[in-house]
Amino acid sequence: MSQAPVIEVNSLTKTYRTYKKKPGLSGALRGLFHREYEELSAAKDVSFKVEEGEFVGFLGPNGAGKTTTLKMLAGLLYPTTGTARVLGYTPWQRKDGYRRQFSLLLGQKNQLWWDLPARESLDLNGKIYGLEPVAMQKRVDELSELLLVRDKLNVMVRELSLGERMKMELIAALLHDPKVLFLDEPTIGLDVVSQKIVRDFLKAHNHKRRTTILLTSHYMADIQELCQRVIIIDKGTIFFDGKLAEVLDRFADSKMVTIHTPPETVVDPAWVSPFGEVIEQSSGVIKIKVPRDKVSAACKALLDNLPVSDIDIQEVPIEDIIRRLFSESRT
Ligand SMILES: Nc1ncnc2c1ncn2[C@@H]1O[C@H](COP(=O)(O)OP(=O)(O)OP(=O)(O)O)[C@@H](O)[C@H]1O
Ligand SMILES: [Mg+2]
């Protein structure tokens, strides 16, 4: 018998109803009697399943509905319609059994007590979960060691740097060893070194504990390094769910062809341009963005007509594709 998915979301929809205030005093007065509301569907008919141990990237431009969806899965928001089961629980019923098995980390929000040293703030978190003090201390030591912030445990949370604080937030989220992790931009604003520390940590954690993780990040390096599968959402609707590599197949319409010639070779730009968009042409190097279906013909023509010493064909960076997808979806 195959196991039930850890996360199962069916037609989840969240419509925010906001009061539309008319400008000026008369508008405010009129609003007292005739309130006009605006409806915005932050998540529309969202459905997906995640199996145990999967590390899924949840991508989408600003305002796409990622945080809204994660908040519903963490039971912080009630959906307007639809269902979700996480570890067999309906999140918004807020059962204690569920609370003990998942964590939501909101990178944009501070969840630790600001006016306490990090260790005490973490202790309080542990107490909320009823964790045994000695075991918890051990866990804090172990996690802070791995995240390289053990020497910061005595610093007040408000005095920690952004990266240090985020690492403490991550420790807080992991104290009770949750089976499911919702990570909403856990690397936001971190420098590249801290980003990598957090990434490596998450990768190892997912491997070792088979934790099921749903991660949002605007940094493609996070997604590329951690997630084999991505769910892409925009305007509340999922428009792609599959392997990250398939994003290239599906949405990358061109490849990058670079040829190397002896430096003295003179190549007429007008001869090169029909193959595709010329990205670079300097002494000895020509780089062209060639439509996918024209790559072999272009390579043959280049090889036949130029003294090519080396040729290199590469996918366009996934970052460029995502950026293009998002900017297209905005228009
Ligand atoms: N409490 C709220 N009331 C009304 N509208 C809201 C509320 N929270 C979010 N929204 C709207 O819902 C939409 C989705 O927001 P959400 O925070 O889920 O986006 P996101 O994908 O997490 O974006 P980002 O990448 O910027 O974090 C946005 O248009 C946002 O303005
Ligand atoms: Mg968000």
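That block above? That's the structure.
Residues take numbers from 1 onward in each chain, read along the sequence in its written order. Both sets of labels track the order of writing: A upward for chains, 1 upward for ligands. Local features in this predicted model are restricted to residues of pLDDT 70 or higher, and side-chain atom pairs are both shown and tallied only at a pLDDT of 80 or more, whereas totals for entire chains, interfaces and linings draw on every residue. Hydrogens and water are ignored here; the side-chain numbers use all heavy atoms of the structure.

(A) Quick look at the sheet that holds strand β12 (residues 285-291). Here, any two strands with at least 2 DSSP bridges between them count as paired. Numbering of helices and strands starts at the N terminus; helices are DSSP runs of H or I of at least 4 residues and strands are runs of E of at least 2. Spatial ordering of the open sheet is given by β11-β12-β10-β13, a layout of four strands whose pairing is antiparallel. Every other strand in the sheet has two partners, leaving β11 (277-282) and β13 (310-315) as the edge strands with one partner each. Each adjacent strand pair in this sheet contributes to an overall mean axis angle of 15°, direction not counted. Contacts are residue-level and defined by heavy atoms, with any inter-residue pair within 4.5 Å sufficient. Interaxial angle, 0 to 180 degrees, is taken between N-to-C directions of lines fitted to C-alpha atoms, where a helix line uses only the stretch in contact. Contacting β10 (254-260), β12 and β13, helix α11 (residues 295-305) crosses the sheet at an angle of about 10° to β10.

(B) Structural detail: the sheet that holds strand β1 (residues 7-20). Strand order in the open sheet formed by three strands is β2-β1-β4, with antiparallel pairing between adjacent strands. Lying at the two open borders of the sheet, with one neighbouring strand each, are β2 (36-50) and β4 (81-86). In this sheet, neighbouring strand axes are inclined to one another by 30° on average, regardless of whether the strands run parallel or antiparallel. When β1 meets β2, the two strands line up antiparallel, connected through eleven bridges.

(C) View of the site of ligand 1. Near residues are defined by distance, with any heavy atom within 4 Å of the molecule or strand qualifying the residue. Close to ligand 1 lie 14 residues; N62, G63, K66, T67 and T68 are nearest. Contact between ligand 1 and N62: an oxygen atom at 2.7 Å from a side-chain N or O atom of the residue. For the purposes of these results, a polar contact is taken to be a pair of N or O atoms within 3.5 Å, where, inside protein, one atom must be able to donate a hydrogen and its partner to accept one; residues adjacent in sequence count only when each atom of the pair is a side-chain atom. In the environment of ligand 1, an oxygen atom lies 2.8 Å from a nitrogen or oxygen atom belonging to the side chain of H218. Against a free-state accessible area of 640 Å², the protein chains account for coverage of 64% of ligand 1. Among the elements that take part in the shell around ligand 1, helix α2 (residues 66-73) stands out by supplying three residues, more than any other. Any residue outside Ala, Val, Leu, Ile, Met, Phe, Trp, Tyr, Cys, Pro, Asp, Glu, Lys and Arg is labelled polar, Gly included; the first ten of those are nonpolar and the last four are charged. Each residue belonging to the shell around ligand 1 can be placed in one class, and the counts come to five nonpolar, seven polar and two charged. Method for areas: the Shrake-Rupley scheme with a 1.4 Å probe, in which residue coverage is limited to the protein chains shown.

(D) Spotlight on helix α9 (residues 244-251). Listed as buried for α9 are L244, V247, L248 and F251. Buried residues of α9, viewed axially, fall in a sector of 100°; they line one side. Residues of α9 that are exposed and angled more than 90 degrees away from the buried face: A245, D249 and R250. Three labels apply to residues, based on accessible area from a 1.4 Å probe with only protein chains included: buried if under 20% of the type maximum, exposed if over 50%, partly exposed otherwise in between. The arc in question is the one spanned by the directions pointing from the helix axis to the C-beta atoms.

(E) Spotlight on helix α6 (residues 162-174). Helix span, as expected, comes to 1.5 Å for every residue beyond the first. End to end, α6 covers 18 Å across 13 residues, agreeing with the expected 18 Å (1.5 Å per residue, within 8%). Buried residues dominate α6, accounting for twelve of its 13 residues. Those residues of α6 not exposed but buried are G163, E164, R165, M166, K167, M168, E169, L170, I171, A172, A173 and L174. Among the structural elements, β5 (102-106), α4 (118-128), α5 (133-146), β6 (180-184) and α7 (192-209) are those in contact with the buried residues of α6.

(F) Seen up close, the pattern of salt bridges. When a carboxyl oxygen of Asp or Glu lies within 4 Å of a side-chain nitrogen of Lys or Arg, that pair is called a salt bridge. Enumeration over the complete set of coordinates arrives at 25 salt bridges. The shortest N-O distance in the salt bridge between E142 and R139 comes to 3.8 Å. In this pair, E142 and R139 are both assigned in helix α5, three residues apart and thus about one turn of the helix distant. For R139, a relative accessible area of 11% translates into the label buried.

(G) Layout of the packing of α5 against α7. Following both chains from N to C, one finds α5 and α7 inclined at 130°, their axes separated by 10 Å at the closest point. Our classification of the angle between α5 and α7 gives oblique. Residues R139, L143 and L146 of α5 touch α7, and the partners they reach there are I197, F201, H205 and R209. Grouping the amino acids of the contact of α5 with α7 by side-chain chemistry returns four nonpolar, one polar and two charged. An angle below 35 degrees is treated as roughly parallel, one above 145 as roughly antiparallel, one from 65 to 115 as roughly perpendicular, and anything else as oblique.

(H) Region of the structure containing the nonpolar core. The biggest cluster of nonpolar side chains holds 50 residues, and the ones touching the most others in it are L122, M168, L170, I232 and V247. Excluding residues that lie within four positions of it along the chain, V247 makes contacts with V230, I232, F240, A252, I318, I321 and I322. Definition of nonpolar core: a set of buried residues of the types Ala, Val, Leu, Ile, Met, Phe, Trp, Tyr and Cys, connected through side-chain atoms within 4.5 Å. Core analysis: the second largest hydrophobic core is formed by 28 residues, L12, A43, A64 and L70 among them.

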